[in-house]
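Report on the structure
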Amino acid sequence: AAPRWRAIWRAVSPPRAAFRYIAAAVSLRAHGPSAVGVIDCHPLYPFTLSLAERAYSSITGAEGAMVWYLAGQWWSLLCYLLFLTGAYAAGVQLWNRRVAVLGCAALALVPRQIYYSVDLLSDNLHAAFWMASFACMIRAWRRQDHDKSKVTRHPTIFALAAGVFAGLAFWTRMEAILL
């Protein structure tokens with residue numbers, strides 16, 4: 001976790017697409033749902049970015065343009081942690097807890113991933129929804145818990161949840177259509 005905190009404080013400049021997401025979030029906040037047809041990206045990430053900015057502003061009392069960027073960094077970090085949670089759930093269902101923890105730890109320590117985890121981009125939210133969908137699909141198909149002693153009673157619920165998470169991933173980024 002320490003490298004991520006350093007990445008937040010050492011980020012020199014936001015990625016170019018961050019300004020597009022901030023502009024879309026401001027537009028959604030100002031014009032409501034009618035702005036969806038005007039913005040040039042899928043609407044879920046800018047909507048959640050707007051909520052994150054409101055929460056950050058109310059918690060810290062800060063105002064101004066930089067608040068959008070800082071709130072976006074913290075939101076991206078939270079989304080990355082949700083992605084790791086989904087990856088752990090998928091790993092436990094496919095292999096075991098030890099392999100899941102080792103896989104998540106290896107992924108969390110990759111330097112490039114550390115910097116991506118705090119970028120103001122829709123990648124982390126998209127990955128979190130994608131991984132949640134994947135974990136639900138695995139659970140629906142396997143129909144058993146990781147210890148194979150309890151059968152999943154309602155695999156249809158997990159299949160539907162996978163579809164909902166895949167839909168949310170699509171509302172975040174178009175690449176999710178490949179799910």
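The structure this text deals with has already been given above.
Note that this is a predicted model, so its numbers are computed, not measured.

1. Notes on a nonpolar patch on the surface
Among the surface-exposed residues, L94, W95 and V99 lie close enough to one another that they form a single nonpolar patch of about 290 Å² accessible area. For V99, the position within the fold is in helix α5 (residues 97-108).

2. Section: the packing of helix α7 (residues 123-142) against helix α8 (residues 155-172)
Where α7 contacts α8, the two axes come as close as 8 Å, and the packing angle between them is 160°. Classified by the angle their axes make, α7 and α8 are roughly antiparallel. For the pair α7 and α8, the crossing hand works out as left-handed. In this structure, α7 uses L125, H126, F129, W130, A132, S133, C136, M137, R139 and A140 to contact α8, whose residues at the interface are P155, F158, A159, A161, A162, F165, A166, L168, A169 and T172. Class assignment for the residues of the contact of α7 with α8 results in 16 nonpolar, 3 polar and 1 charged.

3. Focus on the side chain of S117
Structurally, the position occupied by S117 is in the loop between α6 (111-116) and α7. Exposure remark for S117: the relative accessible area of 0% places this residue in the buried category. A polar atom in the side chain of S117 sits 2.6 Å from the backbone oxygen of I114.

4. Structural notes on the environment of R98
Counting through the fold element by element, R98 comes out in helix α5. Sequence spacing of R98 and Y88 is 10 residues, and the spatial spacing of their C-alpha atoms is 9.7 Å.

5. Points about the packing of aromatic side chains
Considering all chains together, one arrives at 4 aromatic pairs under this definition. Look at Y21 and Y45: their rings are 5.0 Å apart centre to centre, the planes differ by 80°, and that puts the pair in the edge-to-face class. In this pair, Y21 sits in helix α2 (residues 16-31) while Y45 sits in helix α3 (residues 44-60), placing the two residues 24 residues apart along the sequence. Residue Y21 is classed as buried on the basis of its relative accessible area, which comes to 6%.

6. Here we look at the pattern of salt bridges
Applying the stated criterion to the full structure yields 3 salt bridges. Residue R173 is joined to D123 by a salt bridge in which the shortest nitrogen-to-oxygen separation is 2.2 Å. Of this pair, R173 sits in the segment after α8 while D123 sits in helix α7, and the two are 50 residues apart along the sequence. By relative accessible area, which is 35% here, D123 ends up partly exposed. The partner of R173 in a salt bridge is E175, and the shortest N-O contact between them spans 2.9 Å. Residue classification places R173 among the partly exposed residues on the basis of a relative accessible area of 22%. Taken together, the shared-partner salt bridges in this structure form one network comprising D123, R173 and E175.

7. Description of the packing of α2 against α3
When two helices pack together, you describe them by how their axes are tilted relative to each other and by the distance separating the axes. Between α2 and α3, whose axes approach to 8 Å, the crossing angle comes to 80°. Taken together, the axes of α2 and α3 lie roughly perpendicular to each other. Every residue of α3 that contacts α2 at Y21, I22, A24, A25, L28 and R29 is listed here: Y45, P46, F47, L49, S50, E53 and R54. Across the contact of α2 with α3, the residue classes tally to 9 nonpolar, 1 polar and 3 charged.

Rules and cut-offs
Residue indices follow the written sequence of each chain, beginning from 1 at its first position. Predicted model: local features are reported for residues with pLDDT of at least 70 only, side-chain atom pairs are reported and counted for 80 or more only, and whole-chain, interface and lining totals are derived from all residues. To get the side-chain values, all heavy atoms of the structure are used, and hydrogens and water are removed first. Here, patches come from residues exposed beyond 30% relative accessible area and free of salt bridges, joined within 9 Å for like charges and within 5 Å for nonpolar side chains (Val, Leu, Ile, Met, Phe, Trp, Tyr). Each accessible area is a Shrake-Rupley estimate made with a 1.4 Å probe; only the visible protein chains count as cover when residues are assessed. A carboxyl oxygen of Asp or Glu within 4 Å of a side-chain nitrogen of Lys or Arg is what we treat as a salt bridge. Put simply, DSSP marks the helices as runs of H or I at least four residues long and the strands as runs of E at least two long, and each gets a number from the N terminus on. Axes here mean lines fitted to C-alpha atoms, for a helix over just the part in contact, with angles spanning 0 to 180 degrees between N-to-C directions. Roughly parallel means an angle under 35 degrees; roughly antiparallel, over 145; roughly perpendicular, 65 to 115; everything else is oblique. For any pair of crossing helices, the crossing counts as left-handed if the nearer helix is rotated counterclockwise from the farther one by less than a right angle, and right-handed if it is rotated clockwise. Any two residues whose heavy atoms approach within 4.5 Å are treated as being in contact. Amino acid classes used here: Ala, Val, Leu, Ile, Met, Phe, Trp, Tyr, Cys and Pro are nonpolar; Asp, Glu, Lys and Arg are charged; the rest, including Gly, are polar. Note on classification: 1.4 Å probe, protein chains only; a residue is buried when its accessible area is under 20% of the maximum for its type, exposed when over 50%, partly exposed between these limits. What qualifies as a polar contact is a pair of N or O atoms within 3.5 Å, subject to a donor-acceptor requirement within protein and to the restriction that residues adjacent in sequence count only when both atoms come from side chains. Planes of paired rings set the category: under 30 degrees apart is stacked, over 60 is edge-to-face and the rest tilted, where pairs are Phe, Tyr or Trp rings (Trp by its six-membered ring) whose centres lie within 6.5 Å.

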